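One letter stands for each residue in the lines below.
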Amino acid sequence: MILSIIILLVGLLILGGGLYYLVKAPADQESRRIYGITAAVGAVIVIAAVVKMFILA
């Protein structure tokens, strides 16, 4: 259970960082692509952690 919480926190940090920089640099297309992918990876990690915690537990 502790590992699931740690994975959830890491996913939230990655998602938050990606969204923060996505909003911070809206004009640069290359940065938007990179930070969009980073936010998507964070979202996938968060979803996987939630599924692991609540559905598979």
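## Here's the deal with the packing of helix α1 (residues 2-24) against helix α2 (residues 29-55)
Stage number 1. One can describe the packing of α1 onto α2 by two numbers: an axis separation of 7 Å at closest approach and a directional angle of 155°. Put simply, α1 runs roughly antiparallel to α2. As α1 runs across α2, the sense of the crossing is left-handed.
Stage number 2. The class makeup of the residues in the contact of α1 with α2 is 17 nonpolar, six polar and two charged.

## Considerations on the pattern of salt bridges
Stage number 1. Scanning the entire structure with this criterion turns up one salt bridge.
Stage number 2. Between Glu30 and Arg33 there is a salt bridge, with the nearest N and O atoms lying 3.8 Å from each other. Here the residue Glu30 and the residue Arg33 both occupy positions in helix α2, the gap between them amounting to three residues, near one helical turn.
Stage number 3. In this structure Glu30 comes out as partly exposed when scored by relative accessible area, which is 48%.

Calculation notes
Residues numbered from 1 in each chain as written. Predicted model: local features only at pLDDT ≥ 70, side-chain atom pairs only at ≥ 80, totals over all residues. Heavy atoms only, no water. Axes fitted to C-alpha atoms, helices over the stretch in contact; angles between N-to-C directions. Helix = DSSP H or I, 4+ residues; strand = E, 2+ residues; numbered from the N terminus. Parallel < 35°, antiparallel > 145°, perpendicular 65-115°, else oblique. Left-handed = near helix turned anticlockwise from the far one by under 90°. Nonpolar A, V, L, I, M, F, W, Y, C, P; charged D, E, K, R; others polar. Salt bridge = Lys/Arg side-chain N within 4 Å of Asp/Glu carboxyl O. Buried < 20%, exposed > 50% of the residue type's maximum accessible area, 1.4 Å probe, protein only.

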